Amino acid sequence: MRRVLFTFLASLSFASGENGLNGWLRYAPLPDASQHAGSIPATIVALNSSTISPVYTAGLELQAGLKGILGKTVSLSHQSSTEASSIIVGTVDAYTKAYGRPRGVPKLDEEGFWLNTKGNTIQILGQNERAALYGAFEYLSSIAQGSFKPTAYATNPNAPIRWVNQWDNLDDSGTHGSVERGYGGPSIFFDKGHVVQNMTRASQYARLLASIRVNAVVVNNVNANATLLSAENIEGIGRIADAFRPYGVQLGISLNFASPETFGGLPTADPLETSVISFWTNVTTQIYRRIPDMAGYLVKANSEGQPGPLQYNRTLADGANLFARAVKPHGGILMFRAFVYDQLNYTDWKADRANAAVDFFKDLDGKFDDNVVVQIKYGPIDFQVREPVSPLFSHMKKTSTAVELQVAQEYLGQQNHLVYLPPLWKTILDFDLRVDGKKSLVRDIISSERFNRPLGGSAAVVNVGTNNTWLGSHLAMSNLYAYGRLAWDPTEDSQDILQDWIRLTFGFDKRVLNVITKMSMESWQAYENYSGNLGIQTLTDILYTHFGPNPASQDNNGWGQWTRADRNTIGMDRTVSNGTGFSGQYPAEVAARYENLETTPDELLLWFHHVKYDYRLQSGKTVIQHFYDAHYEGAATAQTFVPLWESLKGKIDSERYEAVLFRLKYQSGHSIVWRDAINNFYANLSGIPDEAKRVGNYPWRIEAENMTLSGYQVVPVTPFETASKYNAVITTSNTTAGTASSTIKFPSGIYNVAVNYFDLNGGRAQYELHIGDKLIGKWFGNNEDNLGHEPFAYLDGHSATRITFPGIKIQKGETVKIVGVPNGAELAPLDYVSILPHGIVD
Ligand code: GCU
């Protein structure tokens with residue numbers, strides 16, 4: 001009891017700080033609270049006496065919520081004495097025992113709940129205890145949004161599995177638990193090879209997740225460390241499970257297939273060996289002794305260097321069933337990832353990584369135990385900005401499946417770019433695979449409705465860290481919120497979900513609502529426009545950080561994220577007739593659509609077809625001109641985010657306002673880096689100029705390499721397209737400042753001055769911009785302190801950064817001068833200065 005109260009109060013104490021820690025559960029005072037406070041009952045009855053019960057938590061949460069939102073002090077009791085004029089929260093069964101069967105409540109599915117605010121008594125009744133907590137959060141969410149309309153309804157989940165997967169590493173002693181693809185700081189669960197002592201953040205995370213009805217968290221990386229199975233660590237994860245339990249969130253863990261060898265000292269990890277089976281049975285018994293309600297295991301096998309059953313000539317189903325049987329007696333589930341693929345030979349025209357999942361899994365349908373769920377990434381490759389749905393969903397008719405989404409924006413700007421993901425997710429969830437010629441929406445397949453499977457649902461890769469904002473970015477939290485909402489009900493509208501999140505996170509101002517809605521709803525399209533179009537994939541650097549542009553990195557290697565771009569043509573031929581045969585993995589109607597160039601939608605054209613750059617799309621544009629135009633459009637949209645956000649100054653607390661502004665400014669600059677890199681790359685490769693003559697022509701730029709340099713030297717940049725005109729300058733020494741100067745030849749006037757430079761993580765160089773004798777600005781190359789993306793050690797598309805100084809008065813003939821002071825490995829690298837008349841961004 002003391003622990004529950006402590007962590008709960010700890011989270012509430014941050015409410016006024018607006019640092020993001022409470023996410024969408026701020027319980028901020030309603031502007032017209034006094035009008036409503038009187039109509040809310042003054043007593044809460046939480047129909048359960050156990051302090052670790054989610055119902056108990058629901059009572060506390062309701063009490064705190066009503067206090068915060070309405071300023072109303074409400075008493076909390078755990079006795080069922082009074083029904084009149086109270087808020088009653090509990091299970092339907094507990095209610096029935098106390099007061100008799102509640103009237104009007106339909107039969108609820110597992111974890112469904114009933115909310116009735118129509119009478120004097122408010123009923124929040126769950127099919128089980130965690131469902132009652134879901135109901136309490138739902139009630140508080142409507143009050144927090146100022147909605148008091150009496151209502152009575154039941155709601156049930158689309159699917160039983162609504163998990164998140166953290167890719168957190170235990171790491172060795174000495175390192176703070178890193179998060180694979182984590183951009184919000186180190187792990188909240190692990191530190192220096194151990195489970196952390198302080199469970200405050202674990203509790204707070206469970207609270208956020210329970211409010212969006214996520215019911216389990218796999219706490220460690222799919223690239224799992226076998227030492228998680230040590231007695232000390234089992235005790236540690238037991239403490240995490242204890243912190244989750246009052247919120248009805250279960251714990252799951254990822255396993256390393258080779259553990260019997262690497263941890264257990266056995267000579268093999270063969271899934272059919274008796275000693276291996278006993279190893280896993282024993283380990284599982286030990287874990288369940290400490291965590292009797294553990295959700296289950298997640299296994300990545302035979303993928304990206306991870307060991308697996310294929311090494312022992314066993315099938316993937318043999319491997320999955322090994323773990324499934326170990327958890328079965330304890331009621332656990334085995335999530336088995338379909339992300340299985342091998343390195344491929346680029347010279348083989350028919351080789352295709354996209355084929356791998358179906359190739360590996362289709363013959364195994366029916367061979368998995370009934371507590372196995374095959375967890376399938378939404379697209380056949382890897383969380384790209386646009387992919388067709390994984391065809392594997394249509395092959396698993398006798399197997400439970402879950403879709404794997406990624407809240408972590410690994411390929412989508414790493415939470416430094418605003419990208420609201422539900423519109424992307426909807427292209428998958430709403431897709432009709434037409435299995436056997438019948439309606440087969442992905443959301444109905446994972447809900448078990450289409451193939452009548454016992455389990456199913458979704459898992460999202462989430463990368464929260466110790467940063468107060470959880471994800472490193474306030475706005476990225478809309479994705480986590482929306483994930484839970486869509487896992488519960490995938491038919492919900494992306495914009496409606498977003499607007500609930502905005503009201504809960506930023507309050508009621510109409511302009512705030514409109515601006516964040518506009519930016520968010522445009523953001524995925526914008527990102528797709530300035531990264532990779534027409535289904536070519538994100539075009540980020542796939543060999544290094546997955547962050548900035550590097551289209552060449554896709555091809556000529558074994559990873560299979562190929563574009564097959566050459567001087568004349570681009571795109572993967574995935575047809576059955578002439579290509580890799582991938583289109584034939586879909587059910588007939590869908591296969592026919594994708595097989596045919598004319599019926600393939602433009603947005604996926606280069607995913608399925610290899611065409612000439614001047615091939616005309618359904619839109620009427622050529623492929624190459626579409627690339628050029630889309631990149632200009634996408635970057636132009638990103639420019640609008642900054643003034644839009646600035647129009648909210650004073651309407652949002654300054655801490656969050658400034659933090660978001662910083663990232664949006666960064667994004668607006670980086671979108672131009674993307675635009676120019678991709679456009680120049682393909683202009684160079686194809687030799688086809690931009691009809692609008694923008695690509696390669698930048699009349700307002702002064703290239704650093706053309707300036708008068710002192711203490712600076714010219715260096716070529718790799719990849720070439722990530723620097724304007726391919727070169728940059730760096731200081732000649734790592735101790736002495738350099739200057740780059742030039743006479744301004746533009747007419748006198750007011751300009752926005754942009755400086756493009758490279759911000760490496762090996763130092764914090766200092767820059768000064770002077771015009772004439774005026775110091776216009778001074779800044780540091782310190783993105784490493786402010787942005788959470790992956791390391792950026794070179795001059796390239798990841799480190800390329802732009803800063804803009806608006807409204808600068810300039811006289812023709814004045815000198816523009818940059819002074820760069822090197823620091824560490826950062827030799828104050830500089831690319832160009834743009835002197836931009838009003839309305840021009842270049
Ligand atoms: C991607 C990601 C890896 C991750 C893998 C997975 O390839 O870059 O970091 O391990 O997916 O999903 O297993």
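About the criteria used
- Residues numbered from 1 in each chain as written.
- Predicted model: local features only at pLDDT ≥ 70, side-chain atom pairs only at ≥ 80, totals over all residues.
- Heavy atoms only, no water.
- Helix = DSSP H or I, 4+ residues; strand = E, 2+ residues; numbered from the N terminus.
- Rg over C-alpha atoms; globule rule 2.2 N^0.38 Å.
- Buried < 20%, exposed > 50% of the residue type's maximum accessible area, 1.4 Å probe, protein only.
- Contact = heavy atoms within 4.5 Å.
- Core = buried A, V, L, I, M, F, W, Y, C linked by side-chain atoms within 4.5 Å.
- Near = heavy atom within 4 Å.
- Polar contact = N/O pair within 3.5 Å; in protein donor to acceptor, adjacent residues only side chain to side chain.
- Areas by Shrake-Rupley, 256 points an atom, 1.4 Å probe, with all protein chains shown as cover.
- Nonpolar A, V, L, I, M, F, W, Y, C, P; charged D, E, K, R; others polar.
- Phe/Tyr/Trp six-rings, centres within 6.5 Å; stacked < 30°, edge-to-face > 60°.
- Pairing = 2+ DSSP bridges.
- Axes fitted to C-alpha atoms, helices over the stretch in contact; angles between N-to-C directions.
- UniProt positions renumbered as here; feature names shortened; annotations may be inferred.
- Salt bridge = Lys/Arg side-chain N within 4 Å of Asp/Glu carboxyl O.
- Expected span 1.5 Å × (residues − 1).
- Right-handed = clockwise from strand over helix to strand, strands pointing away.

Considerations on the overall build of the protein chain
Broken down by element type, the protein chain carries 21 helices and 29 strands. Compactness check: the protein chain gives a C-alpha radius of gyration of 28 Å against a globular reference of 28 Å for 842 residues, within 12% of the reference. Within the protein chain, buried positions represent 64% of all 842 residues. Partitioning the intrachain contacts of the protein chain with sequence separation of at least 6 by distance along the chain shows that 72% fall at a separation of at least 24.

Digging into the nonpolar core
Nonpolar side chains in soluble globular proteins tend to end up buried together. In this structure, Tyr205, Phe361, Leu480 and Trp645 are the most contacted members of the largest nonpolar core, which totals 215 residues. Beyond its immediate chain neighbours, meaning those up to four positions away, Phe361 contacts Leu316, Phe336, Arg337, Ala338, Val340, Phe368, Val374, Leu392 and Met396. Counting 26 residues, the second largest nonpolar core, distinct from the first, contains Phe746, Tyr751, Phe805 and Leu830.

A short note on the site of the ligand
Around the ligand there are 13 residues in total, and Glu180, Lys300, Arg337, Lys377 and Glu410 lie nearest to it. Contact between the ligand and Lys300: an oxygen atom at 2.6 Å from a side-chain N or O atom of the residue. Alone, the ligand offers 320 Å² of accessible surface; in the complex the protein occludes 96% of this. Here the shell around the ligand is built from residues that sort into three nonpolar, two polar and eight charged.

Focus on the environment of Val512
Relative to the elements of secondary structure, Val512 occurs in helix H16 (residues 510–530). Separated by 192 residues in sequence, Val512 and Ala704 place their C-alpha atoms 40 Å apart. Not counting the four nearest positions on each side in its chain, Val512 is found in contact with Ile502, Phe506, Leu648, Lys651 and Ile652.

Remarks on the packing of aromatic side chains
Taken as a whole, this structure holds 40 aromatic pairs when the rule is applied. An angle of 85 degrees between the planes, with centres 5.9 Å apart, marks the rings of Trp501 and Phe506 as edge-to-face. Centre to centre, the rings of Tyr544 and Tyr794 are 5.8 Å apart; their planes meet at 55 degrees, and the pair counts as tilted. Taken together, the positions of Tyr544 in the loop between H16 and strand S17 (569–570) and Tyr794 in the loop between helix H21 (783–786) and strand S27 (800–810) put the pair 250 residues apart, joining distant regions of the chain.

Comments concerning the sheet that holds strand S25 (residues 766–771)
Here we have five strands laid out as an open sheet, ordered S20-S23-S28-S25-S26, and antiparallel in their pairing. Two strands lie at the open edges of the sheet, namely strand S20 (708–710) and strand S26 (774–780), each paired on one side alone. On average, each strand axis in the sheet is tilted by 15 degrees relative to the strand beside it, whichever way the strands run. Where strand S23 (residues 738–743) lies against strand S28 (residues 815–821), six bridges are found, and the strand directions are antiparallel. Residue pairing across strands places Ala740 opposite Ile818, the latter belonging to S28.

What about the side chain of Gln499?
Note on placement: Gln499 falls in helix H15 (residues 494–506). By relative accessible area, which is 16% here, Gln499 ends up buried. Contacts of Gln499, omitting those with residues within four sequence positions, involve Leu513 and Thr517.

Notes on the environment of Pro422
Looking at the secondary structure, you find Pro422 in helix H12 (residues 422–429). Those residues in contact with Pro422 that lie beyond four places of it in its chain are Asn479, Ala482, Leu486 and Ser494.

Focus on the UniProt feature "active site" (unreviewed entry) in the protein chain
Taken from the UniProt record, the annotation "active site" (unreviewed entry) applies to Glu304, Asp382 and Glu410. With respect to the element layout, Glu304 can be found in the loop between strand S12 (296–299) and helix H10 (316–327). Contacts of Glu304, omitting those with residues within four sequence positions, involve Phe339, Tyr341 and Trp559. At a separation of 2.9 Å, a polar atom in the side chain of Glu304 contacts the side chain of Lys300. Summarising the element assignment, Asp382 is placed in the loop between strand S14 (372–377) and strand S15 (400–406). With a relative accessible area of 5%, Asp382 lands in the buried category.

Let's talk about the pattern of salt bridges
In a structure, side chains of opposite charge can pair up when their charged atoms sit close to one another. Under the defined criterion, the tally for this structure stands at 40 salt bridges. Asp500 is the salt-bridge partner of Arg503, the closest N and O atoms lying 2.9 Å from each other. Note that Arg503 and Asp500 are positioned in helix H15 at a spacing of three residues, about one turn of the helix. Look at Asp500 and you get buried, because its relative accessible area is 16%. Through salt bridges with shared partners, one network takes in Glu235, Asp242, Arg245, Arg290 and Asp293.

So, helix H3 (residues 54–70)
Here H3 spans 23 Å end to end across 17 residues, near enough to the 24 Å set by a 1.5 Å rise per residue. The buried count for H3 comes to 14 of 17 residues, which makes it a mostly enclosed element. Gly71 sits one or two residues past H3 and shows a positive phi near 70 degrees.

Thoughts on unusual backbone geometry
The amide bond that connects Thr718 to the next residue, Pro719, takes the cis arrangement and shows omega of -5 degrees. Mapped onto the fold, Pro719 is located in the loop between strand S21 (712–716) and strand S22 (727–731). With a phi close to 55 degrees, Lys725 is a non-glycine residue in the positive phi region.

Structural notes on the pairing of S14
Most of S14 is tucked away, with six of its six residues classed as buried. Residues Val372, Val374 and Ile376 line one face of S14 and the alternating positions Val373, Gln375 and Lys377 line the opposite face, and both faces are buried. Of the pairings in the sheet, the one linking strand S13 (residues 333–337) to S14 comprises four bridges and is parallel in character. Residue pairing in the sheet places Arg337 in a bridge with Gln375 of S14. Between the parallel pair S13 and S14, the chain is carried across by helix H11 (residues 356–361), and the sense of this crossover is right-handed. The sheet contact formed by S14 and S15 spans five bridges and is parallel. Note on S15: the bridge partner recorded for Val373 is Ser400.

A closer look at the environment of Ser654
Its place among the elements puts Ser654 in helix H20 (residues 654–686). Judged by its relative accessible area of 54%, Ser654 falls in the exposed class. For the pair formed by Ser654 and Asn19, sequence separation is 635 residues and the distance between their alpha carbons is 9.8 Å.

Re the sheet that holds strand S4 (residues 113–116)
The strands that make up a sheet pair up through hydrogen bonds in the backbone, lying either parallel or antiparallel. Within the open sheet, the six strands sit side by side as S2-S1-S3-S5-S4-S6. Their pairing is mixed. In the strand order of this sheet, the two ends are held by strand S2 (75–77) and strand S6 (152–155), each with one partner. Each strand of the sheet is rotated relative to its neighbour by a mean of 10 degrees, with strand direction disregarded. Judged from the three bridges that link them, strand S1 (residues 43–46) and S2 form a sheet pairing that is parallel. The residue bridging Ile44 from the neighbouring strand is Leu76, located in S2. The sheet contacts of helix H5 (residues 129–144) involve strand S3 (87–91), S4, strand S5 (122–126) and S6, and relative to S5 the element is tilted by about 140 degrees.

Quick notes on the pairing of strand S11 (residues 250–255)
Across the six residues of S11, five count as buried, placing the element largely inside the fold. Bridging between strand S10 (residues 216–218) and S11 involves three bridges; their strand directions are parallel. Residue pairing in the sheet places Ala216 in a bridge with Gln250 of S11. Note that the unit made of S10, helix H7 (residues 231–244) and S11 has a crossover that is right-handed. Where S11 lies against S12, four bridges are found, and the strand directions are parallel.

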